[in-house]
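Remarks on the overall topology
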Amino acid sequence: MTNPRDTDLIRRLAQDAGPVSRPPPPMVSAMIWFVLAVASALGVVLVMGLRPDFSERLGDPLYLVEVATPLMTSVLAAAAAFCASCPGRPVWERFAPIAPLALWLAALIRHAYLAYSASGQQALMLEIDAGCLPKIALIGMLPAVLIVLMLRRGAPIAPITTTVLSALAAASLAASALRLVHIQDASIMILVWHVGSVALIAASASIFGRRLFRWPTANLAIADPR
Amino acid sequence: MATCSPEAALEAGYHHPRRLPVRLAREEEGLGAESGPKSASAQDARDQRWQSLMQASQNGDRAAYEALLTEIAPLLRAVTYRVWRSQQDVDDIVQDILLSIHTVRHTYDPARPFTPWLITIARRRIADAARRSSSISRHETLMDVLPDAASSADHQAEHVSRDGVEHLHQALGQLGEGQREAVELLKVRGLSLKEASALSGKSVPALKVNMHRALKSLREMKIFKS
C-alpha cells in the first residue's frame, strides 16, 4: 500500500510529467562528442601550427600508433562516461578505456626500449618540458566543457567516475593532438610529460565530480494541497 | 570493522551503502517472499509492465506515470527500509528517490530492463542520504550533559537547553503551516532552497520569506537568546 505522503507527491509528479526526449545511446553520444572535439582540437592545432616534419612522421608506424592509441582511449573514455551517466548499465563498461590506455603505454614503453637498444642511456635522458601540461589543458578545454554539458543531461549516479572519465577523454584527445604540433618524439619524454599530464588532469578532475554533476531540481508548479 | 564511505562504495560499483557487496538480483529476490522460477517469471512480468508504463510516461501519459510511481513506491520503501530504520528518514529518502526518478526519467532506455535502472537511482539516493547524514554527524556533537549554563555567559547565549529544545518543538507547533514547513525542510532536514522548493512546490523566494518570518517569530517567542 502506498504511503499517503507518497501519494500526494506522486500525484504532483504525474501532473508535471510531460513528454521527454531521450538522449542518444552512450556510444552515439560519444561519437557525436568525439567528432566535435576532434574538430575543436584540430582548430587549435592549426592555430598553433603543425610540426614541420609532420608529413615525414606520417610514414612512421610507431608514430601513428602513438597518435592513434590516445585517440582510442579518448573515444572509449567518453563512451564509458556516457554509460556511467545512464542508470542500470553494467559497471564493467566504465573500465572500457583501460585497454587502449594499456596499448598506448605499451607502445611508448616498447618505443623507449627500442631507442635504448639503439642509443643506450642517451635515449632515456629526461628533460624538463613543462609546456606539455598547459598545451594539453588548452587543447582539451573546449572538448572538456562540451562533454560535461552533454553528460549533464544524464543521471549523476557516479559523479566522480563520470568526471574522471570525461577528463581522461578530453586530455587523451589533447595529448594525441599535441603530437601533431610538438616536435618531441622521445618516448620517455612523452611517457612522463604527455601521459603524466593526462593522468594529472584526470585525477585532479575528480575533485569537481560532485559539483559538476548534481541531481536536477524538479520544478513542480502545483503546490501541495493541504 | 573496516569502513567504506557510501559514495566510494557506489563509485566502485558496489550497490549498497552498508552491506557490501550486495547483488541486485539478491536484493530483488529478498524483497518478495517468493523464490524459484515462478518468482523469476513474476519479476519478469512485473518488469515488462513497468517498462511499458515508463515508455508511455516518457511519451507524456500522465496516468501511466502515476500508476508506475504508485507501483514502485512500496519497492522503494522496502529497499530504503533495509538501510534506514527511522520512519521519518525512510519517508524523506523515498520522496527524494521519487523526485530523482522524475528529473531523470528521460535517461531510461525502453530497450533495457526497468528494475536495474530504478534500483540504481534508489541506491544512489540512499547513499547520498547516508553521506549527508554522516556529514551532519561530523559537524554536530551529541552531549549527555549540557555544559553548566552558569559557567560562561557566552555559552549561555549560544546553547539551547533541554527545556529550550522542548520549547522549540512547542514553538514550531505554533508557527503557521508555511513557516513550519520552511523550518522543517531547510533547518531540520538540511535541504537546499532548490530541493525544498521542489519538495514543497513553493517558490524559492516564498520559502525564504517563510523562513525569515519563522525566525522572527521564534525570536519573538524568545526561543533564541542571541
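Fair warning: this is a prediction, and the values are worked out from it, not measured in the lab.

**Looking at the overall build of chain B**
- Of regular secondary structure, chain B possesses 11 helices and zero strands.
- Across chain B, helices and strands are ordered from the amino to the carboxyl terminus as α-α-α-α-α-α-α-α-α-α-α.
- Taken across its 226 residues, chain B has 43% of its residues classed as buried.
- For chain B, the proportion of contacts with a sequence separation of at least 24, taken over those separated by at least 6, is 58%.
- Here chain B displays about 12400 Å² of accessible surface, and carbon together with sulfur accounts for 52% of that area.

**Things to note about the state of the cysteines**
- Applying the stated rule across the entire model yields zero disulfides over all chains.
- No disulfide involves C83 of chain A; its sulfur sits 6.5 Å from that of C86 of chain A, the nearest cysteine.

**Structural notes on the packing of helix α9 (residues 177–188) of chain B against helix α10 (residues 193–200) of chain B**
Residues and elements named next belong to chain B.
- Viewed as axis vectors pointing N to C, α9 and α10 meet at an angle of 130 degrees, and their least axial separation amounts to 9 Å. With respect to α10, the axis of α9 lies oblique. Note on packing geometry: the crossing formed by α9 with α10 is right-handed. Each of E181, L185 and L186 in α9 lies in contact with α10, whose residues at this interface are L193, A196, L199 and S200.

**Let's talk about the pattern of salt bridges**
- Summed over the entire model, instances satisfying the criterion amount to 12 salt bridges over all chains.
- Salt-bridge contacts for R89 of chain A lead to E93 of chain A; the nearest nitrogen and oxygen are separated by 2.9 Å. E93 of chain A carries the same exposure label as R89 of chain A, and that label is buried.
- Residues R132 of chain B and D96 of chain B are paired through a salt bridge, measuring 3.1 Å at the closest nitrogen-oxygen approach. In this pair, R132 of chain B sits in helix α6 (residues 114–139) while D96 of chain B sits in helix α5 (residues 87–103), placing the two residues 36 residues apart along the sequence.

**Remarks on a positive patch on the surface**
- On the surface, R152, R211 and R214 of chain A together with K194 of chain B cluster together into a patch of positive charge.
- Of note, R211 of chain A is situated in helix α9 (residues 209–212).

**Some remarks on the interface of chain A and chain B**
- Facing 46 residues of chain A, the contacting portion of chain B comprises 51 residues.
- Taken over both partners, the interface formed by chain A and chain B buries close to 4100 Å², and the fraction arising from carbon and sulfur atoms is 56%.
- When the buried surface of chain A facing chain B is broken down by residue, R5, R22 and W215 of chain A rank first, second and third, together holding 16% of it.
- At the boundary of chain A with chain B, the tally comes to one salt bridge.
- For the salt bridge of R77 of chain B with D6 of chain A, the shortest nitrogen-to-oxygen distance reads 2.8 Å.
- In this assembly, chain A and chain B are joined by 12 residue pairs in polar contact (both at pLDDT 80 or more).
- Of all the secondary-structure elements, those providing two or more residues to the side of chain A that touches chain B are α1 (4–16) and α7 (159–178) of chain A.
- Ranked by residues supplied to the side of chain A that touches chain B, first place goes to α1 of chain A with 10 residues.
- Partitioning the side of chain A that touches chain B into residue classes produces 25 nonpolar, nine polar and 12 charged.

**Focus: helix α11 (residues 204–220) of chain B**
Residue and element names in this part refer to chain B.
- The first and last C-alpha atoms of α11 sit 24 Å apart over 17 residues, in line with the 24 Å expected at 1.5 Å per residue.
- Among the residues making up α11, those that are buried are L207, N210, M211, A214, S217 and L218. Angularly, the buried residues of α11 cover 130 degrees about the axis, an arc narrow enough to put them on a single face. Among the exposed residues of α11, those pointing more than 90 degrees away from its buried face are P205, H212 and E220.

**Some details on the packing of helix α2 (residues 26–48) of chain A against α7 of chain A**
Residue and element names in this part refer to chain A.
- Running from N to C, α2 and α7 point in directions that differ by 40 degrees, and their axes come no closer than 10 Å. Put simply, α2 runs oblique to α7. In terms of crossing hand, the pair formed by α2 and α7 is right-handed. Side by side, α2 and α7 meet where W33, F34, A37, V38, A41 and V45 of the first sit next to A169, A170, L173 and A177 of the second.
- Looking at the contact of α2 with α7 residue by residue, the classes come out as 10 nonpolar, no polar and no charged.

**With respect to the layout of surface pockets**
- The volume enclosed by the second largest pocket comes to roughly 1000 Å³.
- Every residue lining the second largest pocket is counted, 36 residues in all, and those nearest its centre are R210, R214 and W215 of chain A together with R125 and E195 of chain B.
- In terms of residue count, α6 of chain B provides more of the lining of the second largest pocket than any other element does, seven residues in total.

About the criteria used
- Residues numbered from 1 in each chain as written.
- Chains lettered and ligands numbered in written order.
- Predicted model: local features only at pLDDT ≥ 70, side-chain atom pairs only at ≥ 80, totals over all residues.
- Heavy atoms only, no water.
- Helix = DSSP H or I, 4+ residues; strand = E, 2+ residues; numbered from the N terminus.
- Buried < 20%, exposed > 50% of the residue type's maximum accessible area, 1.4 Å probe, protein only.
- Contact = heavy atoms within 4.5 Å.
- Areas by Shrake-Rupley, 256 points an atom, 1.4 Å probe, with all protein chains shown as cover.
- Disulfide = S-S within 2.5 Å.
- Axes fitted to C-alpha atoms, helices over the stretch in contact; angles between N-to-C directions.
- Parallel < 35°, antiparallel > 145°, perpendicular 65-115°, else oblique.
- Left-handed = near helix turned anticlockwise from the far one by under 90°.
- Salt bridge = Lys/Arg side-chain N within 4 Å of Asp/Glu carboxyl O.
- Patch = residues over 30% accessible without salt bridge, like charges linked within 9 Å, V, L, I, M, F, W, Y side chains within 5 Å.
- Lys, Arg positive; Asp, Glu negative; His and termini not counted.
- Charge placed at Lys NZ, Arg CZ, Asp CG, Glu CD.
- Buried area = accessible area lost by both parts, 1.4 Å probe.
- Polar contact = N/O pair within 3.5 Å; in protein donor to acceptor, adjacent residues only side chain to side chain.
- Nonpolar A, V, L, I, M, F, W, Y, C, P; charged D, E, K, R; others polar.
- Expected span 1.5 Å × (residues − 1).
- Arc of directions from axis to C-beta.
- 1 Å grid on protein atoms, 1.4 Å probe; cavity = no way out; pocket = protein on both sides within 12 Å on 5 of 7 lines; lining within 4 Å.
- Points joined across faces, edges and corners; volume = space filled by probe spheres on them.

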